[in-house]
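Coordinate analysis (summary)
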Amino acid sequence: MGMDINNLPLIREECEILHMTDKQLKEIMSRLHNDLVKGLSRDTHPTAIVKCWLTYIQDLPNGKERGKFLALDLGGTNFRVLIINLGENHFDMQSKIYAIPSHIMTGTGVALFDHIAECLANFMKEHNVYEERLALGFTFSFPLKQMGLTKGILQRWTKGFSCSGAIGEDVVQGLKDAIARRGDLNLSVMGILNDATGTLMSCAHKERNCRVGVIIGTGSNACYVEKTENCELFEGEPTKPAMLINTEWGAFGDDGALDFVRTEFDREVDSNSINPGKQIQEKMISGMYMGELVRLALVKFTTMGLLFGGRGSDLLFQRNSFYTKYVSEIESDKPGDYTSCMDVLEELGLSHATESDMAAVRHVCECVSRRAAHLVSAGIATLLNKMNEPKVTVGIDGSVYRFHPHFHTLMCEKIAQLVRPGITFDLMLSEDGSGRGAALVAAVACRETLGFA
Ligand code: BGC
């Protein structure tokens with residue numbers, strides 16, 4: 001091993017650009033607040049960046065939902081089909097993960113829906129419900145302009161999807177058409193929703209004061225409960241006091257609102273993505289991009305001669321080779337211990353890393369993940385302040401929140417600093433929100449259509 005020159009102080013200095021001060025976070029909160037209001041208001045909605053789509057969900061679960069439901073969950077790391085039994089005190093659920101091959105992710109919309117319908121049919125056969133007429137909830141986690149609980153027009157693809165002929169089309173119709181083309185399934189699609197909405201619904205099933213659902217996974221988004229009177233785009237009778245709003249906050253920053261805190265790494269991640277200029281906040285937060293942000297910083301410091309003795313590896317210089325799960329693994333090492341860090345570096349062909357290199361790699365991971373946690377915290381604090389209720393539970397799901405060892409703690413600390421005095425909150429892991437949520441939406445919809453509450 002060569003001499004271990006400690007460049008950590010220089011690397012720390014370079015990483016300062018990833019640090020956001022409370023002053024900056026408060027500025028972000030005020031910009032996000034303005035954007036939320038623009039999304040909700042009739043006059044400003046058409047040009048708004050954070051769209052605040054209506055979900056047409058006005059009832060939270062009351063715990064009395066019963067029955068057997070199918071659910072589809074598309075838009076996270078995996079595509080899943082689920083069958084869920086809502087009973088008195090239990091939640092019985094079976095599911096299966098199906099691959100979405102990359103030629104389907106970037107093929108045609110029709111082929112995507114045919115694939116989904118085929119997986120659904122196979123699943124129904126395996127679970128002996130092929131002949132049954134079941135209600136289905138569809139968690140489709142992309143920005144939708146909803147025109148009702150069962151009508152949603154796709155606005156844009158995110159997270160690596162780019163199927164042609166789907167934008168501007170009703171996704172529920174797309175699914176129904178695919179089912180009709182097969183001709184063998186008998187289903188009623190009771191609702192379409194997004195994973196953030198599903199997370200809120202499923203958390204609210206357990207926690208009566210849940211008012212926010214957040215996803216920090218492959219992508220990022222939030223859903224919250226807004227007063228119907230503020231939902232200016234809602235055209236129905238305002239008979240119920242509130243509606244769930246799908247903010248689509250991943251798009252925050254698409255007009256430059258976050259440029260004052262973005263770094264060269266963010267700009268590079270964006271320009272290498274399949275949707276440049278879009279989903280700017282999402283690209284600073286979510287699992288699809290976090291590892292790549294770390295990699296770009298490591299590449300820079302290696303090229304500057306501050307890391308690995310200036311000698312990288314083929315993999316280090318290859319795009320997307322630093323997985324986001326590495327960030328969680330490296331940060332799970334105890335202070336002073338670099339076991340996982342060493343494994344990761346070895347996998348990347350960097351076994352010549354010294355101990356101070358490892359400390360530096362870990363520092364870069366911490367800076368990138370802390371920044372993401374703080375940005376999400378600013379978003380959640382903005383929603384809590386806007387709702388202005390004394391005690392709110394926030395349901396959260398997604399791989400980053402679930403597997404990163406410090407995300408939860410970082411968020412609790414930061415949100416507490418950013419909310420108005422008097423507001424208290426809990427952050428609750430809401431496992432499987434998108435699957436359960438879809439069943440709950442279908443159940444609540446059945447309850448409504450059948451006319452009993
Ligand atoms: C999508 C949202 C979704 C989020 C988390 C974003 O890319 O636009 O609809 O909720 O990812 O999956």
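Rules used in this analysis
Residues numbered from 1 in each chain as written. Predicted model: local features only at pLDDT ≥ 70, side-chain atom pairs only at ≥ 80, totals over all residues. Heavy atoms only, no water. Near = heavy atom within 4 Å. Polar contact = N/O pair within 3.5 Å; in protein donor to acceptor, adjacent residues only side chain to side chain. Areas by Shrake-Rupley, 256 points an atom, 1.4 Å probe, with all protein chains shown as cover. 1 Å grid on protein atoms, 1.4 Å probe; cavity = no way out; pocket = protein on both sides within 12 Å on 5 of 7 lines; lining within 4 Å. Sits in = over half its atoms within 2 Å of the grid points. Nonpolar A, V, L, I, M, F, W, Y, C, P; charged D, E, K, R; others polar. Helix = DSSP H or I, 4+ residues; strand = E, 2+ residues; numbered from the N terminus. Expected span 1.5 Å × (residues − 1). Buried < 20%, exposed > 50% of the residue type's maximum accessible area, 1.4 Å probe, protein only. Arc of directions from axis to C-beta. Contact = heavy atoms within 4.5 Å. Points joined across faces, edges and corners; volume = space filled by probe spheres on them. Pairing = 2+ DSSP bridges. Axes fitted to C-alpha atoms, helices over the stretch in contact; angles between N-to-C directions.

1. Thoughts on the site of the ligand
Close to the ligand lie 14 residues; Thr-158, Asn-194, Asp-195, Glu-248 and Glu-282 are nearest. One nitrogen or oxygen atom from the side chain of Asn-194 is found 2.6 Å from an oxygen atom belonging to the ligand. For the ligand, an oxygen atom lies 3.0 Å from a polar atom in the side chain of Asn-221. Compared with its free state, where it exposes 310 Å², the ligand has 99% of that area covered by protein. Taken atom by atom, the bulk of the ligand overlaps the largest pocket. The residue makeup of the shell around the ligand, split by class, is three nonpolar, seven polar and four charged.

2. Focus: helix 2 (residues 22–40)
Compared with an ideal rise of 1.5 Å per residue, which puts 19 residues at 27 Å, helix 2 spans 27 Å between its outermost C-alpha atoms and is within 8% of the ideal. Taken residue by residue, helix 2 has Leu-25, Ile-28, Met-29, Leu-32, Asp-35, Leu-36, Gly-39 and Leu-40 as its buried positions. All buried residues of helix 2 fall inside an arc of 135° around its axis, so they share one side. Contacts made by the buried residues of helix 2 are with strand 10 (220–227), strand 11 (242–246), helix 12 (355–387) and helix 14 (407–418).

3. Focus: the layout of surface pockets
Estimates place the volume of the largest pocket at around 570 Å³. Looking at the largest pocket, it is lined by 33 residues, and the ones nearest its centre are Asp-73, Gly-76, Thr-77, Gly-398 and Ser-434. At the level of elements, helix 6 (195–206), strand 10, helix 13 (399–403) and helix 15 (433–449) are the ones that each hand at least two residues to the lining of the largest pocket. The element that contributes the greatest number of residues to the lining of the largest pocket is helix 13, accounting for three residues. Here the lining of the largest pocket is built from residues that sort into five nonpolar, 18 polar and 10 charged. Along the wall of the second largest pocket there are 24 residues; nearest its centre are Gly-76, Thr-77, Asn-78, Thr-218 and Ser-399.

4. A word on empty space enclosed by the protein
Enumeration over the complete set of coordinates arrives at two cavities of 30 Å³ or more. Taken as a whole, the largest cavity spans an internal volume of roughly 40 Å³. Contributing to the lining of the largest cavity are Ser-202, Cys-203, Lys-206, Met-428, Ser-430, Glu-431 and Arg-436. Among the elements that make up the lining of the largest cavity, the one with the highest residue count is helix 6 (three residues). The residue inventory of the lining of the largest cavity, partitioned by class, reads two nonpolar, two polar and three charged. Sorting the residues of the lining of the second largest cavity by element identifies helix 7 (264–271) and helix 8 (280–285) as the ones contributing at least two each. A per-element tally of the lining of the second largest cavity places helix 8 first, with three residues. Looking at the lining of the second largest cavity residue by residue, the class counts come to two nonpolar, no polar and four charged.

5. Describing the sheet that holds strand 5 (residues 134–140)
Strand pairing in a sheet takes place through backbone hydrogen bonds and is either antiparallel or parallel in direction. The strand order 4-3-2-5-8 describes an open sheet built from five strands, whose pairing is mixed. Whereas interior strands pair on both sides, the edge strands pair on one side only; in this sheet they are strand 4 (91–98) and strand 8 (187–193). Each strand of the sheet is rotated relative to its neighbour by a mean of 20°, with strand direction disregarded. Strand direction decides the pairing type here: strand 2 (residues 67–74) and strand 5, joined by six bridges, are parallel.

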